[in-house]
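Single-letter residue listing:
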Amino acid sequence: MTTIAENLAAIRATIPDGVRLLAVSKTFPAAAIRAAYGEGVRDFGESRIQEAIAKQADLADLTDIQWHFIGHLQSNKAKKALTHFDWIHTCDHLALAQRLDRLTAQLGKSPKILLQVKPCPDPDKYGWPLESLGADLPALAQCQHLNIQGLMTILPLGLTSEEIRQAFQATQTTAAQIHNQFSPALTMTELSMGMSGDYPLAIAAGATMIRIGRGIFGDRPPFSPKT
Ligand SMILES: *Cc1c(COP(=O)(O)O)cnc(C)c1O
């Protein structure tokens, strides 16, 4: 059995400087996070708010962790997400963005926000289809309190590597176009894409953050809510 340290060393050997490695610790205990932290990881991704808050309490002594929310965000959890996370990767529709904007102003907490997009049709995922994001950009640009930093995507299972490459590339191109048209109101310097199975293709297409779970911590018990 390989250890977290060995897994991390193997992954790090394949990613360039400047690509942020996010360790997706959902379903794994606080002790696993502490082990990865001991190997220098500072960015952790969680997909359930309550589970994350419990681990954050256990790990309160590790004050320089950046917590990333990567699960589906229900509106009634928006306040908790803003309060407990440094990044929210899954802002997936306009009404949620506007709610986060209002709450950001009230709470004085402004984590970095990514817009979740779908470069291929996928009924099992949330997010803007790339072709419908454009219509909402002017309204998103008016969310003045929201610290929007880029796009995030999760691809459907079962694509060929050519389809994966094209989907990541389309996401990168869209981000660049938005940046050109809307910066500084909408900054698009971050691209969160790539997981254990497809991250090399994501990096080749310009990912700035990859989200690795199984590749670091090993297999999870089966669990697949709509994301
Ligand atoms: C679980 C999850 C990951 C990590 O997936 P692995 O296949 O374990 O690397 C990445 N991103 C999101 C949004 C996830 O829910």
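Structure report, in brief. (Residues numbered from 1 in each chain as written. Predicted model: local features only at pLDDT ≥ 70, side-chain atom pairs only at ≥ 80, totals over all residues. Heavy atoms only, no water.)

Some words on the site of the ligand
Here comes step 1: Near the ligand the following residues occur: Val24, Lys26, Ile70, Met152, Ile154, Met195, Ser196, Arg211, Ile212, Gly213, Arg214 and Arg220.
Here comes step 2: A distance of 2.6 Å separates an oxygen atom of the ligand from a polar atom in the side chain of Lys26.
Here comes step 3: With the chains in place, 97% of the 390 Å² that the ligand exposes on its own is no longer accessible.
Here comes step 4: Tallied by class, residues from the shell around the ligand come to 6 nonpolar, 2 polar and 4 charged. (Near = heavy atom within 4 Å. Polar contact = N/O pair within 3.5 Å; in protein donor to acceptor, adjacent residues only side chain to side chain. Areas by Shrake-Rupley, 256 points an atom, 1.4 Å probe, with all protein chains shown as cover. Nonpolar A, V, L, I, M, F, W, Y, C, P; charged D, E, K, R; others polar.)

Quick word on the packing of aromatic side chains
Here comes step 1: Under the criterion given, the structure shown has 3 aromatic pairs.
Here comes step 2: Centroid distance Phe69 to Phe85: 5.2 Å. Interplanar angle 65 degrees. Geometry classified as edge-to-face. One end of the pair, Phe69, is in strand S3 (residues 66-69); the other, Phe85, is in the loop between helix H4 (78-84) and strand S4 (87-91), with 16 residues separating them in the sequence.
Here comes step 3: Lying over the aromatic face of Tyr37, Arg42 brings its terminal NZ or CZ to 3.5 Å of the ring centre. (Phe/Tyr/Trp six-rings, centres within 6.5 Å; stacked < 30°, edge-to-face > 60°. Helix = DSSP H or I, 4+ residues; strand = E, 2+ residues; numbered from the N terminus. Lys NZ or Arg CZ within 6 Å of the ring centre and 35° of its normal.)

Quick word on the nonpolar core
Here comes step 1: Membership of the largest hydrophobic core comes to 68 residues, with the highest contact counts inside it found for Phe44 and Leu100.
Here comes step 2: In terms of residues, this core owes the most to one element, helix H7 (residues 161-182), which gives 6 residues.
Here comes step 3: Those residues within four positions of Leu100 in sequence are excluded, and the remaining contacts are Leu73, Ala78, Leu82, Ile88, Cys91, Ile113 and Leu146.
Here comes step 4: Among the nonpolar cores identified, the runner-up in size contains 8 residues, and Leu22, Val24, Ile70 and Met209 belong to it. (Core = buried A, V, L, I, M, F, W, Y, C linked by side-chain atoms within 4.5 Å. Buried < 20%, exposed > 50% of the residue type's maximum accessible area, 1.4 Å probe, protein only. Contact = heavy atoms within 4.5 Å.)

A word on the pairing of strand S2 (residues 43-46)
Here comes step 1: Side chains of S2 alternate between two faces, with Asp43 and Gly45 and Phe44 and Glu46 buried alike.
Here comes step 2: Across 2 bridges, the pairing between strand S1 (residues 20-24) and S2 is parallel. Bridging across to S2, Ala23 finds its partner in Phe44.
Here comes step 3: Between S1 and its parallel partner S2, the chain crosses via helix H2 (residues 30-38), and the hand of that crossover is right-handed.
Here comes step 4: Two strands pair when backbone bridges link them, and S2 and S3 are joined in this way by 4 bridges, in the parallel orientation. Within S3, the position partnered with Gly45 by the bridge is His68. (Pairing = 2+ DSSP bridges. Right-handed = clockwise from strand over helix to strand, strands pointing away.)

Observations concerning the environment of Ile11
Here comes step 1: Relative to the helices and strands, Ile11 is located in helix H1 (residues 4-12).
Here comes step 2: Taking the C-alpha atoms as reference, Ile11 lies 27 Å from Asp61; in sequence the two are 50 residues apart.
Here comes step 3: If we skip the residues at most four places from it in the chain, Ile11 touches Leu21, Tyr199, Ile212, Gly215 and Ile216.

So, the pairing of S4
Here comes step 1: The buried fraction of S4 is high, at 5 of 5 residues.
Here comes step 2: Handedness of the S3-H4-S4 crossover: right-handed.

Re the pattern of salt bridges
For side chains bearing opposite charge, pairing can occur when the charged atoms are close.
Here comes step 1: One pass over the structure, following the stated rule, counts 7 salt bridges.
Here comes step 2: Residues Arg42 and Asp64 are paired through a salt bridge, measuring 3.1 Å at the closest nitrogen-oxygen approach. Residue Arg42 is located in the loop between H2 and S2, and its partner Asp64 is located in the loop between helix H3 (49-58) and S3; the two are separated by 22 residues in the primary sequence.
Here comes step 3: On the basis of relative accessibility, which here comes to 28%, the residue Arg42 falls in the partly exposed class.
Here comes step 4: Among the ionic pairs, Glu46 bridges to Lys55, the shortest N-O distance being 2.9 Å. For the pair Glu46 and Lys55, one class covers both residues: buried.
Here comes step 5: Through salt bridges with shared partners, a single ionic network connects Glu46, Glu51 and Lys55. (Salt bridge = Lys/Arg side-chain N within 4 Å of Asp/Glu carboxyl O.)

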